[in-house]
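Chain and residue survey
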Amino acid sequence: MKRYYYITVIAIVALLCLQVSYVENLYRDYIKQKVSLTQDALELSITKELHLRSREQNRNLPSSSYISKLHRI
(Lines give C-alpha, C1' and ligand atoms only; values in the text may rest on other atoms or scores of the structure.)
Protein backbone atom coordinates (compact mmCIF):
# COMPACT_ATOMS: atom_id res chain seq x y z
CA MET A 1 0.00 0.00 0.00
CA LYS A 2 2.91 2.36 0.64
CA ARG A 3 3.98 2.11 -2.97
CA TYR A 4 0.56 3.39 -4.07
CA TYR A 5 1.01 6.51 -1.89
CA TYR A 6 4.49 7.17 -3.25
CA ILE A 7 3.26 7.00 -6.83
CA THR A 8 0.36 9.32 -5.97
CA VAL A 9 2.64 11.84 -4.27
CA ILE A 10 5.09 11.76 -7.18
CA ALA A 11 2.22 12.28 -9.64
CA ILE A 12 0.89 15.25 -7.64
CA VAL A 13 4.34 16.83 -7.43
CA ALA A 14 4.84 16.32 -11.17
CA LEU A 15 1.47 17.95 -11.94
CA LEU A 16 2.31 20.89 -9.68
CA CYS A 17 5.65 21.33 -11.43
CA LEU A 18 3.95 21.29 -14.83
CA GLN A 19 1.40 23.87 -13.67
CA VAL A 20 4.11 26.12 -12.26
CA SER A 21 6.03 25.84 -15.52
CA TYR A 22 2.90 26.66 -17.54
CA VAL A 23 2.07 29.72 -15.42
CA GLU A 24 5.66 30.92 -15.61
CA ASN A 25 5.60 30.66 -19.42
CA LEU A 26 2.31 32.56 -19.53
CA TYR A 27 3.84 35.31 -17.40
CA ARG A 28 6.93 35.53 -19.62
CA ASP A 29 4.78 35.76 -22.75
CA TYR A 30 2.66 38.46 -21.09
CA ILE A 31 5.76 40.49 -20.20
CA LYS A 32 7.17 40.10 -23.73
CA GLN A 33 3.88 41.31 -25.19
CA LYS A 34 3.76 44.35 -22.89
CA VAL A 35 7.39 45.22 -23.61
CA SER A 36 6.71 44.97 -27.33
CA LEU A 37 3.66 47.23 -27.08
CA THR A 38 5.61 49.73 -25.00
CA GLN A 39 8.48 49.76 -27.48
CA ASP A 40 6.08 50.30 -30.38
CA ALA A 41 4.35 53.17 -28.58
CA LEU A 42 7.68 54.75 -27.65
CA GLU A 43 9.00 54.43 -31.19
CA LEU A 44 5.84 56.00 -32.58
CA SER A 45 5.97 58.91 -30.14
CA ILE A 46 9.65 59.55 -30.91
CA THR A 47 8.91 59.50 -34.64
CA LYS A 48 6.05 61.97 -34.18
CA GLU A 49 8.18 64.24 -32.02
CA LEU A 50 11.01 64.25 -34.56
CA HIS A 51 8.55 64.99 -37.35
CA LEU A 52 7.01 67.88 -35.41
CA ARG A 53 10.43 69.30 -34.54
CA SER A 54 11.59 69.13 -38.15
CA ARG A 55 8.42 70.92 -39.29
CA GLU A 56 8.94 73.58 -36.62
CA GLN A 57 12.57 74.10 -37.64
CA ASN A 58 11.56 74.45 -41.28
CA ARG A 59 9.05 77.15 -40.34
CA ASN A 60 11.65 79.09 -38.38
CA LEU A 61 14.19 79.09 -41.19
CA PRO A 62 14.27 82.32 -43.17
CA SER A 63 12.90 82.07 -46.67
CA SER A 64 15.21 82.08 -49.67
CA SER A 65 13.93 85.49 -50.81
CA TYR A 66 14.82 86.94 -47.43
CA ILE A 67 18.30 85.47 -47.68
CA SER A 68 18.80 86.84 -51.19
CA LYS A 69 17.77 90.32 -49.97
CA LEU A 70 20.38 90.10 -47.24
CA HIS A 71 23.07 89.26 -49.79
CA ARG A 72 22.18 92.31 -51.90
CA ILE A 73 22.70 94.69 -48.99
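The structure contained in this document is the topic of the report that follows. Owing to the predicted nature of the structure, the values given are computational and were not obtained by experimental measurement.

The rules behind the values
Residues numbered from 1 in each chain as written. Predicted model: local features only at pLDDT ≥ 70, side-chain atom pairs only at ≥ 80, totals over all residues. Heavy atoms only, no water. Helix = DSSP H or I, 4+ residues; strand = E, 2+ residues; numbered from the N terminus. Buried < 20%, exposed > 50% of the residue type's maximum accessible area, 1.4 Å probe, protein only. Areas by Shrake-Rupley, 256 points an atom, 1.4 Å probe, with all protein chains shown as cover. Salt bridge = Lys/Arg side-chain N within 4 Å of Asp/Glu carboxyl O.

1. Topic: the overall build of the protein chain
- The secondary structure content of the protein chain amounts to two helices and zero strands.
- Looking at the protein chain residue by residue over its 73 residues, the buried ones come to 0%.
- Carbon and sulfur atoms provide 63% of the accessible area of the protein chain, an area that totals close to 7,500 Å².

2. Here's the deal with the pattern of salt bridges
- The final tally for this structure, using the stated rule, is two salt bridges.
- Put simply, Glu24 and Arg28 hold a salt bridge, and the shortest N to O gap is 2.7 Å. With a gap of four residues between them, Glu24 and Arg28 both fall in helix H1 (residues 2-60), about one helical turn apart.
- By relative accessible area, Arg28 is classed as partly exposed at 47%.

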